[in-house]
Amino acid sequence: MTAGQNLSIVVPIFNEAENLPHLVDRLNAVSERICREQDVAAVHYVFIDDGSSDGSFGILGKLDFAGHTATLLQFSRNFGKEAALSAGIDAAADADAIIMMDADLQHPPELLLDLVRVWKTEEVDSVFTYKEDRRTSEGFLKARLTSGFYWIMNRGARFSITENAGDFRLISRRYANALRLLPESQRFMKGLYGWVGFAQRGLPLTPPPRERGVSSFNGARLLAMSFDAMTSFTTAPLRLMALAGLFIACISALYGIYIILERLFFTSNGIGIASVLALISFFGGIQMIFLGLLGEYIGKTVLEAKRRPPYILAERRVVSPVTDTVPSARTETPS
Ligand code: UDP
Ligand code: MG
């Protein structure tokens, strides 16, 4: 690797006012070490305010970035973390490497040194972090559900989505270019990372608990997101539906033949109305589930067919150490 590369640090922010001063302090300290120890020419910050209502954007504007250039983006409303990450990657077009991290200090800034070191020494295109042991940190049920989710996602796919890998990662310039090529507006980043490919390396991480503020992702939202991710990344459930239909049809045909034979050759007692009713409602239920699943896929197609941008910018500011002023805030919308 050649010396003097640019590194951009992308941080999505949603109501993190209390965390921002601490985050920027620690980032400033680590960035100085990265430049000194890892032969990096410049570290840029990209902060994306994803429609916060606690004044996070105003606080960002007042912070001291210790001589680093900072791009401050504000969304017109809350578009979600995935959209914020995409905006950050779009804004860091000049970077040789981009690091994405959360603002709540659950992704310790000090680990940035390791990410950059591995990227430089092993020449990989992505250095991701993964949770070492989900079971102890998140409980048995959530860990089981998560591995089930990854099992379905990776079924029959040519690419694999690394289990337990988080959004805290470094990506190279060509990896970021590949991500920018993907046109979908419903962006499930963990899936996109897998789809893009390239050589990658994982580092273990045990995230510390959140010290300030509240997490935006509860169990119900995570479950909804997993379902969303599944229907946007794999069509395996559709094939499963067809197979289940085939299986039920075969069983029913065999049962039909059995009833005819019994009628012809044995004395039949007949079957009660209750069992017929139970069967009708059972298969009615199964059909509803399958129709709902089919509807999910059609809904996805409708949303993508609209070709809406993944986010709308309300404001973009660049805080540059050269002029040491805040250039006029421009209002733009992404092209
Ligand atoms: N976040 C965001 N938009 C959202 C929700 C969250 O940009 O709609 C940011 C949030 O500010 C944080 C990161 O995404 O920097 C992770 O969020 P959080 O800590 O709530 O998630 P968890 O760590 O519980 O998965
Ligand atoms: Mg968090």
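Before reading further, recall that the structure is shown in the block above.
Overview of the structure. (Residues numbered from 1 in each chain as written. Chains lettered and ligands numbered in written order. Predicted model: local features only at pLDDT ≥ 70, side-chain atom pairs only at ≥ 80, totals over all residues. Heavy atoms only, no water.)

**As for the layout of surface pockets**
Consideration 1: Of the voids in this model, the largest pocket is the one considered here, and its volume is about 1400 Å³.
Consideration 2: Lining the largest pocket are 46 residues, and of these K131, K142, K190, F217 and L222 sit closest to its centre.
Consideration 3: Those elements that provide at least two residues to the lining of the largest pocket are β1 (5-13), α3 (81-91), β5 (126-131), α5 (134-138), α6 (140-154), β6 (165-172) and α9 (219-233).
Consideration 4: The dominant element in the lining of the largest pocket, judged by the number of residues it contributes, is α9, at 7 residues. (1 Å grid on protein atoms, 1.4 Å probe; cavity = no way out; pocket = protein on both sides within 12 Å on 5 of 7 lines; lining within 4 Å. Points joined across faces, edges and corners; volume = space filled by probe spheres on them. Helix = DSSP H or I, 4+ residues; strand = E, 2+ residues; numbered from the N terminus.)

**Considering the sheet that holds strand β4 (residues 97-100)**
Consideration 1: Taken in spatial order, the 8 strands line up as β7-β5-β6-β4-β1-β2-β3-β8 in an open sheet, and their pairing is mixed. At either margin of the open sheet sits one strand with a lone partner, and together these are β7 (200-205) and β8 (313-319). Each adjacent strand pair in this sheet contributes to an overall mean axis angle of 20°, direction not counted.
Consideration 2: Bridge count between strand β2 (residues 40-49) and strand β3 (residues 70-75): 5 bridges; the pairing is parallel. Considered in β3, the bridge of F47 is made with L72.
Consideration 3: Sheet contacts for α3: β1, β2, β3, β4, β6 and β8; angle to β1, the most-contacted strand, approximately 155°.
Consideration 4: Along the sheet, helix α8 (residues 189-196) contacts β4 and β6; its crossing angle with β6, the most-contacted strand, is approximately 45°. (Pairing = 2+ DSSP bridges. Axes fitted to C-alpha atoms, helices over the stretch in contact; angles between N-to-C directions. Contact = heavy atoms within 4.5 Å.)

**What about helix α4 (residues 112-122)?**
Consideration 1: For α4, every residue scored as buried is listed here: L112, L113, L115, V116, V118, W119 and K120.
Consideration 2: Where α4 terminates, the next one or two residues include E123, which has phi positive at roughly 50°. (Buried < 20%, exposed > 50% of the residue type's maximum accessible area, 1.4 Å probe, protein only.)

**What to know about empty space enclosed by the protein**
Consideration 1: By the definition in use, this model includes 1 cavity of 30 Å³ or more.
Consideration 2: Roughly 70 Å³ of volume is contained in the largest cavity.
Consideration 3: In terms of lining residues, the largest cavity is bounded by S160, I161, T162, A165, R169, K190, Y193, G194 and Q200.
Consideration 4: Secondary-structure elements contributing two or more residues to the lining of the largest cavity are β6 and α8.
Consideration 5: When residues in the lining of the largest cavity are grouped by element, the largest group, 3 residues, is from α8.
Consideration 6: Here the residues of the lining of the largest cavity are counted per class, giving 3 nonpolar, 4 polar and 2 charged. (Nonpolar A, V, L, I, M, F, W, Y, C, P; charged D, E, K, R; others polar.)

Geometric descriptors of this kind do not, in isolation, establish any biological role.
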